[in-house]
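Given next are the chains, with one letter for each unit.
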Amino acid sequence: MVYFKITKGKYRDKKDIFHVLHYILDEKKNPHGVHNVYNMNVETVEKRAKQYEIVQEEYRKTSGKRILHMIISYEENCPYSYYELEYVGDKMVKFFDGYQVTYSLHEKDKNQVDVQPHIHVAVNPINYRTGERLRIDKKMLRELKKYLSDLLID
């Protein structure tokens, strides 16, 4: 069974973009290096955050939530390998086509203790092609949960 949640943070400032990306891309929590960055050709968290900001400024959409932070996890004693979870992350990116998406698999906590593997996803809510703001309503949430549930079926 897949568990999916959108974090409740307000994330209304530029610094929030950096903090979410910094948290998600913490290498200590991701020993297998399972992460991917789409629609950005940059190496540092600061530059990645700046790319999100540039799109938002280009379309004059700098008010409201500046970044969406989501978490995907599976049942206790997750039966999936990190390769399979990377597949889920890659498919999650495709679900949000047209948006800048960053994801990373977390397998350790800040003290390097093993935790239930889970995927953190950050989405720039402003579409880089159209400038439209992403609105996740109940219908889209149901579609997303179904999409994620269907990805890894035993």
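In case you missed it, the structure is sitting above this.
Residues numbered from 1 in each chain as written. Predicted model: local features only at pLDDT ≥ 70, side-chain atom pairs only at ≥ 80, totals over all residues. Heavy atoms only, no water.

(A) Structural detail: the nonpolar core. Judged by nonpolar contacts, the single largest core of 26 residues is most densely connected at I72, Y74, M92, F96, V121, V123 and L148. Those residues within four positions of Y74 in sequence are excluded, and the remaining contacts are M1, V2, Y3, Y80, L85, V88, Q116, L148 and L152. In terms of nonpolar packing, the next biggest core, distinct from the first, is built from 11 residues, Y11, V20, Y52 and A122 among them. (Core = buried A, V, L, I, M, F, W, Y, C linked by side-chain atoms within 4.5 Å. Buried < 20%, exposed > 50% of the residue type's maximum accessible area, 1.4 Å probe, protein only. Contact = heavy atoms within 4.5 Å.)

(B) Focus on the packing of helix 3 (residues 82-95) against helix 4 (residues 138-151). Two elements in contact, helix 3 and helix 4, have axes separated by 10 Å at closest approach and are oriented at 150°. It follows from the interaxial angle that helix 3 and helix 4 lie roughly antiparallel. Helix-helix and strand crossings are classified by hand; for helix 3 and helix 4 the assignment is right-handed. Across the interface between the two elements, Y87, V88, K91, M92, K94 and F95 of helix 3 pack against M140, E143, L144, Y147, L148 and L151 of helix 4. Taken together, the residues of the contact of helix 3 with helix 4 sort by class into 9 nonpolar, no polar and 3 charged. (Axes fitted to C-alpha atoms, helices over the stretch in contact; angles between N-to-C directions. Helix = DSSP H or I, 4+ residues; strand = E, 2+ residues; numbered from the N terminus. Parallel < 35°, antiparallel > 145°, perpendicular 65-115°, else oblique. Left-handed = near helix turned anticlockwise from the far one by under 90°. Nonpolar A, V, L, I, M, F, W, Y, C, P; charged D, E, K, R; others polar.)

(C) Spotlight on the pattern of salt bridges. If you walk through the whole model with that rule in mind, you get 6 salt bridges. In this structure, D97 and R129 form a salt bridge, with 3.1 Å as the shortest nitrogen-oxygen distance. Remark: R129 occurs in the loop between strand 5 (114-123) and helix 4 and D97 occurs in the loop between helix 3 and strand 4 (101-108); sequence separation between them is 32 residues. A residue is classified by how much of its surface remains accessible, and R129, at 49% relative accessible area, is partly exposed. K108 is the partner of D114 in a salt bridge, and the nearest nitrogen-oxygen pair spans 2.6 Å. Residue D114 is classed as exposed on the basis of its relative accessible area, which comes to 58%. Classification of K108 as partly exposed rests on a relative accessible area of 22%. (Salt bridge = Lys/Arg side-chain N within 4 Å of Asp/Glu carboxyl O.)

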